[in-house]
Amino acid sequence: MSTPLISPTFLFRFSLPCLRCETPWSAKGNALGEEFRLPSLIELDDGRPLTEVRLGWHESGLGLAIRVSGKRQAPWCRDNRLEDSDGFHLWLDTRDTHNIHRASRFCHHLVFLPSGGGHRLDAPVGEQLLLNRAREHACPIRPGVMKVRSEKRVDGYLLEAFIPGDALTGYEPTDHKKLGFFYSLTDREIGNQQLVDGSEIPFDEDPSVWATLELTK
């Protein structure tokens, strides 16, 4: 049997529920329980999940928590080499537009690192990256606006973040209850993992191939 050129999962358009959370961020991070865990679509391709991803929405913004396991080495992270670092990349389209192949001003590329910031390179990092070939870029997110914290674990790390709604161009959860959504975990030791297998697809710049995140209660 010949190997397919692209993953069969790209024949489908996935829509995932994102529940509303009462407290999106506090001094201890966010409290996203098991009910906020997103399905692991990589398993549809017989892949082994490398990370657990939880997302919750609030009128004030989005809460994110990822748990990476299976590691023996510390992640390699540098805040001046965001795209080369071990970390979590998140793509969001606040208008959930699937009929364009070049990003609009409502499309965002965010990256979160468990370390790599500060003088000792041990502080977590949350930054915005520009989307390649975008027709128009989202408004810049000021440094320090996104809240990020991380915890070392025996076999990996926990990374939590809060993305304020006013930092996301077009974030209006009352009127627009669907977001375009994709993610990618990058790790030099255990490998990379996308929401679905996107190795042959330009998911990092093409909003038409992203999934949908439904903001529900």
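Reading the values: rules and limits
- Residues numbered from 1 in each chain as written.
- Predicted model: local features only at pLDDT ≥ 70, side-chain atom pairs only at ≥ 80, totals over all residues.
- Heavy atoms only, no water.
- Helix = DSSP H or I, 4+ residues; strand = E, 2+ residues; numbered from the N terminus.
- Rg over C-alpha atoms; globule rule 2.2 N^0.38 Å.
- Buried < 20%, exposed > 50% of the residue type's maximum accessible area, 1.4 Å probe, protein only.
- Contact = heavy atoms within 4.5 Å.
- Areas by Shrake-Rupley, 256 points an atom, 1.4 Å probe, with all protein chains shown as cover.
- Lys, Arg positive; Asp, Glu negative; His and termini not counted.
- Charge placed at Lys NZ, Arg CZ, Asp CG, Glu CD.
- Phe/Tyr/Trp six-rings, centres within 6.5 Å; stacked < 30°, edge-to-face > 60°.
- Lys NZ or Arg CZ within 6 Å of the ring centre and 35° of its normal.
- Pairing = 2+ DSSP bridges.
- Core = buried A, V, L, I, M, F, W, Y, C linked by side-chain atoms within 4.5 Å.

A count of helices and strands for the protein gives 0 helices and 11 strands. Seen in sequence order, the protein has helices and strands lined up from the N terminus as β-β-β-β-β-β-β-β-β-β-β. For 217 residues, the compact-globule estimate of 2.2 N^0.38 gives 17 Å, and the C-alpha radius of gyration of the protein, at 16 Å, lies within 12% of that figure. Reported as C-alpha extents along the three principal axes, the dimensions of the protein are approximately 45 × 45 × 35 Å. Looking at the protein residue by residue over its 217 residues, the buried ones come to 52%. Looking at the protein alone, contacts between residues at least 24 apart form 68% of all its contacts between residues at least 6 apart. Accessible surface, the protein: about 11200 Å² in total, of which carbon and sulfur atoms supply 48%. Placing the 26 positive and 31 negative side-chain charges of the protein at their respective mean positions leaves the two points 4 Å apart.

For the rest of this paragraph, the subject is the packing of aromatic side chains. The geometry of an aromatic ring pair comes down to the distance between the two centres and the angle between the two planes. Tallied over the full model, the rule gives 5 aromatic pairs. Judged by centre distance (5.4 Å) and plane angle (85°), the ring pair of Trp91 and Phe203 falls under edge-to-face. Of the two residues, Trp91 sits in strand β4 (residues 87-93) while Phe203 sits in the loop between β10 (193-194) and β11 (211-216), which places them 112 residues apart along the sequence. Neither residue differs from the other here; Trp91 and Phe203 are each classed as buried. Relative to Phe203, the ring of Phe182 lies with its centre 4.8 Å away and its plane at 25°, an arrangement referred to as stacked. Of this pair, Phe182 sits in strand β9 (residues 178-186) while Phe203 sits in the loop between β10 and β11, and the two are 21 residues apart along the sequence. Through successive ring pairs, a cluster of aromatic residues spans Phe88, Phe181 and Tyr183. Sitting over the face of the ring of Phe106, Arg95 holds its NZ or CZ atom 4.4 Å from the ring centroid. The positively charged end of Arg188 is found above the aromatic ring belonging to Trp76, 4.1 Å away from the centroid.

The next point concerns the pairing of strand β6 (residues 123-129). Direction of pairing for strand β5 (residues 107-117) relative to β6: antiparallel, over a ladder of 6 bridges. Bridge pairing in β6 links Leu113 to Val125. Counting the residues that bridge the hairpin from β5 to β6 gives 5 residues, and of these Gly118 lies at a positive phi of roughly 80°.

Moving on, we get to the nonpolar core. Ranked by size, the top nonpolar core spans 47 residues in total, and within it Phe112 and Phe181 carry the most contacts. Within the residue set of this core, elements represented by two or more residues are β1 (15-20), β2 (51-58), β3 (61-68), β4, β5, β8 (156-164), β9 and β11. Not counting the four nearest positions on each side in its chain, Phe112 is found in contact with Leu64, Gly87, Phe88, Leu90, Val125, Gly126, Met146, Val148, Leu159, Ala161 and Ile163. In terms of nonpolar packing, the next biggest core, distinct from the first, is built from 6 residues, Cys77, Leu82, Leu113 and Val125 among them.

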